[in-house]
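Structure at a glance
The residues making up each chain are set out below.
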Amino acid sequence: MKTMESRKLMMTARRASPATFLSAAALGLAGIVFPSVAGAQPSYTGPVPSRAVIERADYRREAYVKRIDEVLNWRSGRVDRNNPATLDMAAICVKLVQGEDLDLCSARVIELMKDPGTGPFWMFPAVAVAYLGKDKLSPEARASLRAAWSKVLQMRGDTENHWAMYYTSLYLMSELYPNEAGTTWYSGKSSEENLTESKGYLIHWMDLATTLGQGEFNPTHYIGEYMIPMLFLATWAKDPKMRIRGHMMIDWLMADHAASTLNGVLRGANARTDDTSVTERWNALASFFSWMMFGNTPPPANYGGWGIYFAAVAKNYTLPEVIYRIAMDRDHDYTQRDLKRSRRRWRYSDVDYAPVYKTNYMRHDYAVGSYEGGITDPIQAHVWDVTWDVPDPRGVNNTMFSLHPISSAQDMQMYFAEVPDWMQLGVTREGKPSYDSADKMLGSSRFERVLQDKDTVIALYDIPPGTRFEHINGYFSKDLKNLTEDPSGWIFAQGGNTYLAYRPLAPYTWGTTWSWAKDKDKGDRRLISPHLKNGTIVQAASANEFKNFADFQAAIRALPLSFNLEPTPTVTFKSLRGNLLRFTYGESPSINGKRVDYSKWKLFEGPYLNAEKGSRRLVITHGELERILDFNTLSIVDRVLPEKAGDAGSSR
Amino acid sequence: MGKVRPFWAIPTLAAAFVAALVSTGPGAYAASAATGHDMYLCAGVNRDYIVGAKLVTLSGLYRRTAKGEYEHFGPNYPQIFAISFDPRNHKVFYTATINGCVQTSDGGESWRISTSWDMTEPKDVCVDGNAPDNVYLALPDGIAVSNDRGGTWVRREKGLPARGKYTQSIKVDRTRAGRVLAGCESGIYLTENGAESWRKVQAATATVTQLQQSPHDPKLWLATTQNEGVLISRDGGRNWKRIGGLSTEHAWYSVAFDPTHESRWVVCGWKYGILTSEDAGRTWTVRNQGLPDYHGAFRVSVDPDSGRLYFNIWRRGFYASDDFGRSWHFEGIEGGTVYNFTYISKGAK
């Protein structure tokens, strides 16, 4: 049996490969070069951080700065002066912050700028080096950096995270080099024209996010592609309006992140995740931000790669206490309902952006999250799951869900300006290997509808014949215990301190291999139900609620359940919480006879986050603490609220 | 925006410009054949490129040299989908790229992204040969027009539906300024007043992928579609019907006329490969023999000078046939996808 230490070393080595968990954008895009063996990352390989709340602000700050320094020192320590490849753009940022090896940095910048990259993943590292090196790099190095923005036509990309990076970078570089002619910029536009265009887009995007909801909501990796540019904007923009906008967006994103994480692990619905993070929920760049901001979970390997750019500037930001406490408080159950939006739809849709209604139920031992189904992103969306807490999330696949593994050119055409046939083939070569695989566990489907009430999920499927693929997959982790196929039709299991009941509504078989994965048999099991009209019910509960596992099973068996799959899947189920759920595919569901009216969904609604649709104004609350982010007035207002009687944490 | 000239009201400049007409896309204008043509390609050589990756290949614009080689020029840029030249000065040209319209006025020495953040990912661009200050841009959310050579762009979408205006292909009728056909998600749209208003002339249930005007008969147009097969119009694009004998099961991507033989047409689709007709579309013959088994057909084109047939296979470069598809040889752009073949008259520079 492997020791914990050897297991972790193996994990370290495995995760050192960027392809295992980093976004498709890939680290190499920004010239991030990893040493051949990762490791010696204190927090990655060390003990799990304490979940105790740090009450004092100065101690919190001290811990935050310590984490930042850990990242900087680790990255700096990987640089070999005799191996220039180890001094990549990220390392240069770190060295500039630390004021070390400045001559080497200048020489390396000149070298790297001979062959600049293209696109946002090159641009924002270049901006970081430009600003951090403004007074530290040699004039020749700075000139080479500036010249690079003249000679290579930078690609803007086609997703929101690309554009956030692209326009923040162009904005900041244009501010750094004002009054320069279009002939000196790759865009052919003057500094002022670049600035106007960039500012126009950034404000447009912030408007969308704060009125209709974020497009790439709760992304497990792409969170970095928003957090980093917004931090840069908050740090370096000369225009105070843009500076505060950057700051407010970080608060906005972190408030959402705090409310959506279970002890630092981002779970529940994601606009975008990937084949690894969808099952090993901790293994994502999102965990870097949890670690950095909240200190409540280990960071991923190499601090997620991109995390180094954040760390380089992170001392310029302080997480508001109210957000910190939302992230740390898991003693009270709560439901948070949010409005998000789909990726931009170019065609085959009646709307530019489809609303996404997200439900997030959080408990001490587990969390349940979902959106109502349908496609929000054509490739990497994750619709629902139950994720249980574990003492150490590293290497643990602590989640359960089902999905329809569709692969569809038409779906992708809805979101991409491409012809149909090459897309399914193309995406599998571009960092999304599972897309066209029957055994994938990643993605959303237009043929899935989901109802969530607290810790009960009902997912219904009505798949037309001829659809690629004609079955649903259920995910059963290697880390489940006591997996029991009960004669009642329920499948029982235990994950951590959470009891789980999974009810397939149609016959199924089991599979254990994953065609798209490098590791073909990961120890997980896949429930395969090859029936077009189908469904899944999952009920979770804390083990503490029952005398034992058998008691839980008995309680589940006793729950009234009726369903029909023909002609349309329909379920009536009285949940463990005593609520009567009625749900028919394609129709509005009801809970205790009351129709779920999504049209009344607010931008945020819950004990911690509240915002009206279209308001541009988020109220963040925890206990007596309140912060209001108001993009109408570009103001951040902190208040201490009058204490309510018996209010321990404000969450109910 | 700049001053808008009602150019469609101006007498057609055809007489002055006909010898200099630019032919965008497959099928060059025969009138200029006497002087020969330069050939341009928009090509992406994509080894699993993703946005931001280091470019290890050479993509973007290529032109054929006198030796018959393909020479890259301009930015190394993987997603340039179309190119259109100003007939008055071939150093002025416009490209449709993932960034928007990227244009040059000095033959590619310098470039300007002339659109802003609100116009992205155009798939086609077309200069009006009879009113060359006017340029049309096919956007995923509609159509934009510049009346000042790309100085400013405005959306001109009156008559297009609120949804269903995804535009893949846009072509100006070479016989009349301001007469333009657009291949959209919901069908083919026609304007006769420089995009002041559009009307639907043919419905479609999915995207119209390409439009082409015959170099022999300006009233003859062909259109490829995703769901409706290949369409033909014999009245300048006002009325369309499906060409029999060509399936509607899969998408068709590209169509071309042979400028050297009036009755030779060619069409391709990913799942079909390449089909030719030598009797003006009455019968069709599959011409995949000698090509890789994997068709991945993307673009076809016919050289206006030689009648040589070109055929691109996705990420496999392009092939040429000197006997109209009966035999093939590999021609160039190893590993590449050719988004567009374009010919311009040498005599018109």
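Residues numbered from 1 in each chain as written. Chains lettered and ligands numbered in written order. Predicted model: local features only at pLDDT ≥ 70, side-chain atom pairs only at ≥ 80, totals over all residues.

Focus: the overall build of chain A
Selection rule: Numbering goes from the N terminus for both helices and strands, where a helix is a DSSP run of H or I of at least four residues and a strand is a run of E of at least two. The size measure is the radius of gyration over C-alpha atoms, and the globule rule it meets is 2.2 Å times the number of residues to the 0.38 power. Buried, partly exposed and exposed are defined by the number of other C-beta atoms within 10 Å of a residue's own C-beta, namely 20 or more, between the two limits, and 12 or fewer respectively, with C-beta atoms placed from the backbone.
On a plain count of helices and strands, chain A comes out with 17 helices and 26 strands. Here the C-alpha atoms of chain A give a radius of gyration of 24 Å, agreeing with the 26 Å that 2.2 N^0.38 yields for 652 residues. For chain A, the C-alpha atoms occupy an extent of roughly 75 × 60 × 55 Å along the three principal directions. The buried share of chain A, reckoned over its 652 residues, is 58%.

Some thoughts on the sheet that holds strand β11 (residues 142–146) of chain B
What counts, and what does not: Paired strands, as defined in this entry, are two strands with at least two bridges between them according to DSSP.
An order of β9-β10-β11-β12 (chain B) is seen for the four strands of this open sheet, with the pairing classed as antiparallel. Strand pairing shows two members of the sheet lacking a second neighbour, β9 (124–127) and β12 (154–155) of chain B, which therefore form its edges.

Some thoughts on the domain arrangement of chain A
All names here are of chain A. Where we set the bar: For the purposes of this description, domain bounds are those given by an automatic or database domain assignment. Once C-beta atoms have been placed from the backbone, residue pairs whose C-beta atoms lie within 7 Å are recorded as contacts. When residues are grouped by polarity, Ala, Val, Leu, Ile, Met, Phe, Trp, Tyr, Cys and Pro land in nonpolar, Asp, Glu, Lys and Arg in charged, and all others, Gly among them, in polar.
According to the domain assignment, chain A contains domain 1 (4–328) and domain 2 (334–558). Computed from C-alpha coordinates alone, the two centres of domain 1 and domain 2 are separated by 30 Å. Of the residues lining the interface, 31 residues belong to domain 1; the matching set on domain 2 comes to 46 residues. Class assignment for the residues of the side of domain 1 that touches domain 2 results in 14 nonpolar, 10 polar and seven charged.

Let's talk about helix α3 (residues 57–77) of chain A
All names here are of chain A. Heads up, the rule is: Multiplying 1.5 Å by the residue count of a helix minus one yields the expected span of that helix.
The end-to-end C-alpha separation of α3 is 30 Å, in line with the 30 Å expected for 21 residues at 1.5 Å each. All of the buried residues along α3 are Tyr64, Arg67, Glu70, Val71, Leu72, Trp74 and Arg75. Residues of α3 that are buried in the fold lie against α2 (42–45), α4 (89–98), α12 (285–293) and α13 (307–313).

Some remarks on the nonpolar core
Basically, it comes down to this: When buried Ala, Val, Leu, Ile, Met, Phe, Trp, Tyr and Cys residues are joined through C-beta atoms within 7 Å, the set is termed a nonpolar core.
Counting residues in each nonpolar core, the largest one holds 289 residues, and the members touching the most others are A:Cys93, A:Val129, A:Leu231, A:Ala312, B:Leu137 and B:Ile143. In this structure, this core is formed jointly by two domains, domain 1 (4–328) and domain 2 (334–558) of chain A, each of which donates at least three residues. In this structure, A:Cys93 is in contact with A:Ala128, A:Val129, A:Leu132, A:Ile308, A:Tyr309 and A:Ala312, ignoring residues within four places of it in sequence.

A look at the interface of chain B and chain A
With 33 residues of chain B at the interface, the matching set in chain A holds 38 residues. When its residues are assigned to classes, the side of chain B that touches chain A shows 17 nonpolar, seven polar and nine charged.

Overview of unusual backbone geometry
That bond from A:Arg468 to A:Phe469 is cis: its omega, 20 degrees, falls within 30 degrees of zero. Looking at the element boundaries, A:Phe469 is found in the loop between β9 (456–462) and β10 (472–476). Here the amide bond leading from A:Glu566 into A:Pro567 is cis, since omega sits at -5 degrees, within 30 degrees of zero. Backbone geometry places B:Arg315, a non-glycine residue, at a positive phi of 60 degrees. With respect to the element layout, B:Arg315 can be found in the loop between β26 (309–313) and β27 (318–321).

A few points about the packing of helix α5 (residues 102–112) of chain A against helix α7 (residues 139–151) of chain A
Residue and element names in this part refer to chain A. So the rule is basically this: Angular values range over 0 to 180 degrees, each being the angle between N-to-C directions of two axes fitted as lines to C-alpha atoms, with helices fitted over their stretch in contact. By the definition adopted for this analysis, an angle is roughly parallel if under 35 degrees, roughly antiparallel if over 145, roughly perpendicular if from 65 to 115, and oblique otherwise. For a crossing to be left-handed, the near helix must be turned anticlockwise from the far one by less than a right angle; the clockwise case is right-handed.
In contact at an axis separation of 8 Å, α5 and α7 are set at 30 degrees when each is read in the N-to-C sense. Taken together, α5 and α7 sit at an angle that is classed as roughly parallel. The two elements α5 and α7 cross, and the hand of that crossing is left-handed. Between α5 and α7, the residues in contact are Ser106, Val109 and Ile110 and Glu140, Ala141, Ser144 and Leu145, respectively. Its residues assigned to classes, the contact of α5 with α7 shows four nonpolar, two polar and one charged.

Quick word on the packing of helix α8 (residues 160–176) of chain A against helix α9 (residues 191–211) of chain A
All names here are of chain A. Their axes nearest at 8 Å, the elements α8 and α9 cross at an angle of 145 degrees. In the crossing of α8 with α9, the sense of the turn from one axis to the other is left-handed. Across the interface between the two elements, Glu160, Trp163, Ala164, Tyr167, Thr168, Leu170, Tyr171, Ser174 and Glu175 of α8 pack against Ser191, Asn194, Leu195, Ser198, Lys199, Tyr201, Leu202 and Trp205 of α9. Residue composition of the contact of α8 with α9, by class: nine nonpolar, five polar and three charged.

Examining the sheet that holds strand β11 (residues 481–485) of chain A
Residues and elements named next belong to chain A. One open sheet holds the six strands; their spatial order is β8-β9-β16-β13-β12-β11, and the pairing between them is antiparallel. With partners counted over all chains shown, the strands left at the sheet margins are β8 (448–453) and β11, one partner each. When the angles between neighbouring strand axes are averaged without regard to direction, this sheet yields 15 degrees. Both β11 and strand β12 (residues 491–495) contribute to a ladder of three bridges, which runs antiparallel. The residue of β12 that forms the bridge with lysine 481 is glutamine 494.

Describing the pairing of strand β23 (residues 273–277) of chain B
Residues and elements named next belong to chain B. Within β23, five of the five residues are buried, leaving the element largely enclosed by the surrounding structure. Of the pairings in the sheet, the one linking strand β22 (residues 265–269) to β23 comprises five bridges and is antiparallel in character. Within β23, the position partnered with cysteine 268 by the bridge is isoleucine 274. As consecutive antiparallel partners, β22 and β23 are separated by three residues.

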